[in-house]
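Inside the fold
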Amino acid sequence: YSDELVTAFYNGNYSACFGRVDVVSSMKEKYYIEDMKMIDRVTQIDYNGGMYGRGIICGEKQITPDMWPFKAHFKNDPVFPAIITSDGVTQLGMFLFAHAGILDRFDNAYFTMIKGNCCDSKFRGQVRHGYSKLRYEVNVREVVQTEDHIRVYFDAAIFNDEIQIMQIDSYTLKISNADN
């Protein structure tokens, strides 16, 4: 999925992104503003692939030196904040939910992390000021469906110019109605 199609997704135009009118959502709000967009391209979706055979989604983000986080994070030593970098995992999870048609199961879809869920994060490098490319590999570890929500557990590897800089295990997203 190109930057144009991914931008359509971020803008809530799911039929333009996925090329199908059956991908619909009644989400009341757009989740991300342009400055927080951490995925430019989705390069792979395979519902039977990945480390656990339960699915994988991969994406990329082009980093440029004019991005606002470099101006706000460490005045004399600008680096891209890890928390913003890791939000790409959430955004790919949301993309996967939309691609799979899961948004249609909820009247007012709402995404959240699971309160109290502990994820294991290892930081192995930084995104330094300049030009580089982030690459995300997000593996579905487990899917739990209940009457009122769906939880998906992910393990994610994040690379900067092909060097792994982060590993996040047991990253969990929940999709439910906004009133749950």
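Cut-offs used in this document
- Residues numbered from 1 in each chain as written.
- Predicted model: local features only at pLDDT ≥ 70, side-chain atom pairs only at ≥ 80, totals over all residues.
- Heavy atoms only, no water.
- Helix = DSSP H or I, 4+ residues; strand = E, 2+ residues; numbered from the N terminus.
- Rg over C-alpha atoms; globule rule 2.2 N^0.38 Å.
- Buried < 20%, exposed > 50% of the residue type's maximum accessible area, 1.4 Å probe, protein only.
- Contact = heavy atoms within 4.5 Å.
- Areas by Shrake-Rupley, 256 points an atom, 1.4 Å probe, with all protein chains shown as cover.
- Lys, Arg positive; Asp, Glu negative; His and termini not counted.
- Charge placed at Lys NZ, Arg CZ, Asp CG, Glu CD.
- Pairing = 2+ DSSP bridges.
- Core = buried A, V, L, I, M, F, W, Y, C linked by side-chain atoms within 4.5 Å.

**A few points about the overall build of the chain**
Of regular secondary structure, the chain possesses four helices and seven strands. Seen in sequence order, the chain has helices and strands lined up from the N terminus as α-α-β-β-α-α-β-β-β-β-β. For a compact globule of 180 residues, the expected C-alpha radius of gyration is about 16 Å, and the chain comes in at 16 Å, within 12% of that figure. Its C-alpha atoms give the chain principal-axis dimensions of about 50 × 30 × 30 Å. Taken over 180 residues, the chain has a buried fraction of 49%. Taking the contacts inside the chain whose residues are at least 6 apart along the sequence as the reference set, 66% of them involve residues at least 24 apart. Carbon and sulfur atoms provide 49% of the accessible area of the chain, an area that totals close to 9300 Å². Separation between the mean location of the 19 positive side-chain charges and that of the 24 negative ones in the chain comes to 4 Å.

**Considerations on the pairing of strand β2 (residues 56-63)**
Side chains on a regular strand alternate between the two faces of the sheet. Of all the eight residues making up β2, seven are buried; the element is thus mostly covered by neighbouring parts of the structure. In the sheet, strand β1 (residues 41-46) pairs with β2 via five bridges, with the strands oriented antiparallel. Bridge pairing links Q44 to C58 in β2. Two elements, β2 and strand β5 (residues 132-145), share eight bridges in a ladder whose sense is antiparallel. When the bridges of β5 are listed, I63 appears paired with S132.

**Some remarks on the nonpolar core**
Ranked by internal contacts, the top residues of the largest apolar core, which has 44 residues, are F9, Y136 and I175. At the level of elements, α1 (3-10), α2 (14-18), β2, α4 (82-99), β3 (109-113), β5, β6 (149-160) and β7 (163-177) are the ones that each hand at least two residues to this core. Examining the composition of this core, we find that eight residues originate from one element, α4, more than from any other. Ignoring any residue separated from it by four or fewer positions in sequence, one finds I175 in contact with F97, I102, L103, F106, A109, Y110, F111, D148, H149 and I150.

**A few points about the environment of M113**
Tracing the backbone shows M113 in strand β3. Looking at M113, the relative accessible area reads 41%, which means it is partly exposed. Along the backbone, M113 and T90 are 23 residues apart, and their C-alpha atoms lie at a distance of 8.7 Å. Dropping the residues within four chain positions of it, M113 is found in contact with T90, Y171, T172 and L173.

**Some words on the side chain of S170**
One can find S170 in strand β7. When neighbours within four sequence positions are excluded, S170 is seen to be in contact with N117, C118, C119, R141, F154 and D155.

**Describing α1**
Every buried residue of α1 is accounted for by V6, A8, F9 and Y10. Taken from the residues just after α1, G12 is the one with a positive phi, measuring 85 degrees.

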